[in-house]
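Descriptive structure summary
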Amino acid sequence: MAQELTTQAARDMAAANGDANRRAMAFTPAVDIFENDKATVILADMPGVAADDVDVTLERQVLTLRGKVTPDAPQGYRQLSAEYQVGDYIRVFTLSDDIDQAKIKAAFKNGVLRLELPRSPKAQPRKISVKSA
Amino acid sequence: MLQTVFSPRNNGDLFADMRRMQSAMNQLFEGTRTAGQSATFPPVNFWASQDSIVMTTELPGLTEQDIELTVKDTMLQLRGTYPEPENGDDITWHRHERVDGTFLRTVELPFRVNPDHIDARFENGVLTVDMQRPEGDKPKRIAIKSA
């Protein structure tokens, strides 16, 4: 199972971190997370991002999804109206132990990132003994 | 004196009252939307130059076949259906934030466009529609002669 790590005060936006000269905002992509008998699947909407600009990193238990948007403003045009904003995407989850990290599959199609996190066959329920004080 | 919305001493701008009423009405109905989702879907951005207009909209998860685009005079209509989310007995959902279902949106363009010269592309979940003003409708520059 994947647990979200950061909680944003503003629901849709997070301040861009790093790169100060990139004026674009960073957005929290909408995600679907479900589990079937073999794996946990994460789907994340990142419209405007090319497949090569999607960056998925897993460090220890922390899974970071990033997408870098190529600005789509047409040349020689002035903006008439804007109902949505364009910016990079970032979202962070923590994964539980029972995921087979070597077998994670990622695919990007039509602006949607699909991550399959297979469950590790070795994952055994651990018993933790509680000592009385 | 009784304060009313329609104050007679309001700099004589009749339309200001109408606008105020309209925005009051809009605010009234604002609450009926579900949180986080706007009533008009999908949101669109417009760019314009002298003789053409570009519309972009984000439709991640759709394919070219799922989107139906029609243009007539100054009306652009966008229709589409999102693929069904995965289902099955063994599926346990943890989060469902992505959009699904069907949408229909009609947008009025600032000028008539030539339906034969519309270039629509769909790339990485972003639809870009490039529309041209018909030749006969383009504003003509008139040379001014001195007397």
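Look above for the structure.
Let me begin by describing the structure that accompanies this report.

Reading the values: the criteria
- Residues numbered from 1 in each chain as written.
- Chains lettered and ligands numbered in written order.
- Predicted model: local features only at pLDDT ≥ 70, side-chain atom pairs only at ≥ 80, totals over all residues.
- Heavy atoms only, no water.
- Contact = heavy atoms within 4.5 Å.
- Buried area = accessible area lost by both parts, 1.4 Å probe.
- Salt bridge = Lys/Arg side-chain N within 4 Å of Asp/Glu carboxyl O.
- Polar contact = N/O pair within 3.5 Å; in protein donor to acceptor, adjacent residues only side chain to side chain.
- Helix = DSSP H or I, 4+ residues; strand = E, 2+ residues; numbered from the N terminus.
- Nonpolar A, V, L, I, M, F, W, Y, C, P; charged D, E, K, R; others polar.
- Buried < 20%, exposed > 50% of the residue type's maximum accessible area, 1.4 Å probe, protein only.
- Pairing = 2+ DSSP bridges.
- Axes fitted to C-alpha atoms, helices over the stretch in contact; angles between N-to-C directions.

Moving on: the interface of chain A and chain B. In this complex, chain A contributes 41 residues to the contact, which on the side of chain B involves 38 residues. Between chain A and chain B the total buried area reaches about 3400 Å² when both faces are included, carbon and sulfur atoms providing 51% of it. Among the residues of chain A in contact with chain B, A:Tyr77, A:Tyr84 and A:Asn110 are the three that bury the most area, contributing 21% of the side total. Across the chain A-chain B interface, the total number found is five salt bridges. One salt bridge in this structure joins B:Arg98 and A:Asp32, with 3.4 Å as the shortest N-O distance. Put simply, chain A and chain B have 24 residue pairs in polar contact (both at pLDDT 80 or more) between them. Residue assignment for the side of chain A that touches chain B shows that the elements contributing at least two residues are β4 (31-35), β5 (39-45), β6 (49-59), β8 (78-82), β9 (87-95) and β11 (112-118) of chain A. Residues belonging to the side of chain A that touches chain B are distributed by class as follows: 22 nonpolar, eight polar and 11 charged.

Take the pattern of salt bridges next. Per the stated rule, a full pass over the model turns up 14 salt bridges over all chains. Of the charged contacts in the structure, one is a salt bridge between B:Arg105 and A:Glu83, with a shortest N-O distance of 2.7 Å. Placement of B:Arg105 in strand β6 (residues 102-108) and of A:Glu83 in the loop between β8 and β9 is noted, with the two residues assigned to different chains. Relative accessible area serves as the criterion here: at 12%, B:Arg105 is assigned to the buried category. By relative accessible area, A:Glu83 is classed as partly exposed at 41%.

Here we come to the sheet that holds strand β7 (residues 118-123) of chain B. Strand pairing in a sheet relies on backbone hydrogen bonds. The paired strands run either parallel or antiparallel. On the basis of which strands lie adjacent, the open sheet formed by five strands has the order β8(A)-β1(B)-β2(B)-β8(B)-β7(B) and antiparallel pairing. The strands lining the two open edges of the sheet, one partner per strand, are β8 of chain A together with β7 of chain B. Averaged over all adjacent pairs, the angle separating strand axes in this sheet is 15°, with direction ignored. Note that strand β1 (residues 44-48) of chain B and strand β2 (residues 52-58) of chain B share five bridges and pair antiparallel. Bridge pairing links B:Trp47 to B:Val54 in β2(B).

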